Amino acid sequence: MPVLQVEHLSKVYEGRIPYTALNDISLTVEKGEFVAIMGPSGSGKSTFLNVISTIDHPTSGNVIIDGNNPHTMNDNQLAYFRRNILGFVFQDFNLIDTLTAEENIMLPLTLNGVKPAEIKKQTQKLAQMLSIDKLLNKRTFEISGGQAQRIAIARAVVTNPTLLLADEPTGNLDSKATRDVMELFQMLNQNQNATILMVTHDAFVASYCKRVLIIKDGRLYQEIIKGDNRQAFQQKIVDAMSLLGGEPRDIT
Ligand SMILES: Nc1ncnc2c1ncn2[C@@H]1O[C@H](COP(=O)(O)OP(=O)(O)OP(=O)(O)O)[C@@H](O)[C@H]1O
Ligand SMILES: [Mg+2]
């Protein structure tokens, strides 16, 4: 069973003039895939991720995650689903400033009612695996953007979610921190078999994935699959994006 199945998904923003932001998108993401969604500004990337993550509702079509359609769930089911089946990483980290890094990572387990000793154990283990154990006692104002995003990723994966979603996770980071964060995603994908769906406009960032899906005007427009060579993959992405009038970064 695929982790994510999207069937004829459409989203129309109603208004004085209705706007079709997603137009009949169908795709499948299998367990252990690492997929980037790209496309020009306004093409529907965030709308797509928001409909997948149940932040927004589709106008028609289905989203099936782990065999279930979250859009038909009641509030209790949905709360459980969002907390345990999905993991979220945002552009602006969304850490809670009054908590330490460790407390931020622990939060989903605390909300799930896991015993404190078990929470502590799991958090320490995860922090070691992600090489962020030295940051655990720090507050959000004491760490860099790249460190904050690595903490946010730890918080997103501490429940072992079936699907990890990220919208422009490197959008606020410099190139060094971008590399650190992408190496972390890659490690989670390769070593933990995490399934990751990530929106980015950055060809270098997308080149860490195994597959890039390009959305144009709300439609699935093109798929690019990684071969053996990351740089050749990145060049293909840059070429495809420049045909669309995107602004990819220089090749690195
Ligand atoms: N709440 C809304 N109401 C009406 N139109 C919306 C709404 N949210 C987004 N749109 C429109 O839907 C289209 C897709 O928006 P979306 O935010 O998904 O684009 P995007 O691909 O994420 O762009 P960017 O790269 O700039 O983040 C845009 O034309 C946008 O103006
Ligand atoms: Mg967006």
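Because the structure is a prediction, the values reported are computed rather than measured. (Residues numbered from 1 in each chain as written. Chains lettered and ligands numbered in written order. Predicted model: local features only at pLDDT ≥ 70, side-chain atom pairs only at ≥ 80, totals over all residues. Heavy atoms only, no water.)

It is worth spelling out the pattern of salt bridges at this point. If charged atoms from side chains of opposite charge come close, those side chains can pair. Counted by the stated rule, this structure contains 6 salt bridges. For D56, the salt bridge identified is with K11, shortest N-O distance 3.0 Å. Taken together, the positions of D56 in the loop between α1 (45–52) and β4 (60–65) and K11 in strand β1 (residues 4–13) put the pair 45 residues apart, joining distant regions of the chain. Considered together, D56 and K11 belong to a single accessibility category, that of buried residues. A salt bridge links E118 to K121; the shortest N-O distance between them is 3.8 Å. (Salt bridge = Lys/Arg side-chain N within 4 Å of Asp/Glu carboxyl O. Helix = DSSP H or I, 4+ residues; strand = E, 2+ residues; numbered from the N terminus. Buried < 20%, exposed > 50% of the residue type's maximum accessible area, 1.4 Å probe, protein only.)

Right, let's get into the site of ligand 1. All residues adjacent to ligand 1 are Y13, Y19, A21, P40, S41, G42, S43, G44, K45, S46 and T47. S41 places a polar side-chain atom, nitrogen or oxygen, 2.6 Å from an oxygen atom of ligand 1. Coverage of ligand 1 by the protein chains reaches 57% of its 640 Å² of free accessible surface. Put simply, the parts of the chain that give the shell around ligand 1 at least two residues each are β2 (19–29) and α1. Grouping the constituent residues of the shell around ligand 1 by class yields 4 nonpolar, 6 polar and 1 charged. (Near = heavy atom within 4 Å. Polar contact = N/O pair within 3.5 Å; in protein donor to acceptor, adjacent residues only side chain to side chain. Areas by Shrake-Rupley, 256 points an atom, 1.4 Å probe, with all protein chains shown as cover. Nonpolar A, V, L, I, M, F, W, Y, C, P; charged D, E, K, R; others polar.)

Between helix α3 (residues 101–111) and helix α4 (residues 116–129), whose axes approach to 10 Å, the crossing angle comes to 130°. With respect to α4, the axis of α3 lies oblique. Judged by the twist between their axes, the crossing of α3 over α4 is right-handed. Contacts between α3 and α4 involve E102, I105, M106, L109 and T110 from the former and I119, K120, Q122, T123, Q124 and L126 from the latter. Residue classes in the contact of α3 with α4 are distributed as 5 nonpolar, 4 polar and 2 charged. (Axes fitted to C-alpha atoms, helices over the stretch in contact; angles between N-to-C directions. Parallel < 35°, antiparallel > 145°, perpendicular 65-115°, else oblique. Left-handed = near helix turned anticlockwise from the far one by under 90°. Contact = heavy atoms within 4.5 Å.)

So, about the nonpolar core. Residues F185, M198, V212 and I237 are the most contacted members of the largest nonpolar core, which totals 54 residues. If sequence neighbours within four positions are ignored, I237 has contacts with M38, A203, A206, S207, V212 and I224. Core analysis: the next-biggest nonpolar cluster, separate from the first, contains 27 residues, F48, V63, I65 and L86 among them. (Core = buried A, V, L, I, M, F, W, Y, C linked by side-chain atoms within 4.5 Å.)

The strand order across the open sheet formed by 3 strands is β2-β1-β4, and the pairing between neighbours is antiparallel. Edge positions in the sheet fall to β2 and β4, since each has one partner strand and no second. This sheet shows a mean twist of 20° between the axes of neighbouring strands, independent of strand direction. Relative to β4, β1 runs antiparallel, the two sharing 5 bridges. Within the sheet, the bridge partner assigned to S10 lies in β4 and is S60. The sheet strands contacting α1 are β1, β2 and β4, and the helix crosses β1 at an angle near 120°. (Pairing = 2+ DSSP bridges.)

By the element assignment, T54 lies in the loop between α1 and β4. Apart from the residues within four sequence positions on either side, T54 is in contact with P70, H71, L78, F81 and R82.

Here we come to the side chain of S10. In this fold, S10 is placed in strand β1. Judged by relative accessible area, which is 14%, S10 ranks as buried. Those residues within four positions of S10 in sequence are excluded, and the remaining contacts are L22, N23, D24, P58, T59 and S60.

On to the environment of S144, then. Looking at the secondary structure, you find S144 in the loop between α4 and α5 (145–157). S144 gets classed as partly exposed once you look at its relative accessible area, which sits at 38%. Spatially, the C-alpha atom of S144 lies 8.7 Å from that of A177, the residues being 33 residues apart in sequence.

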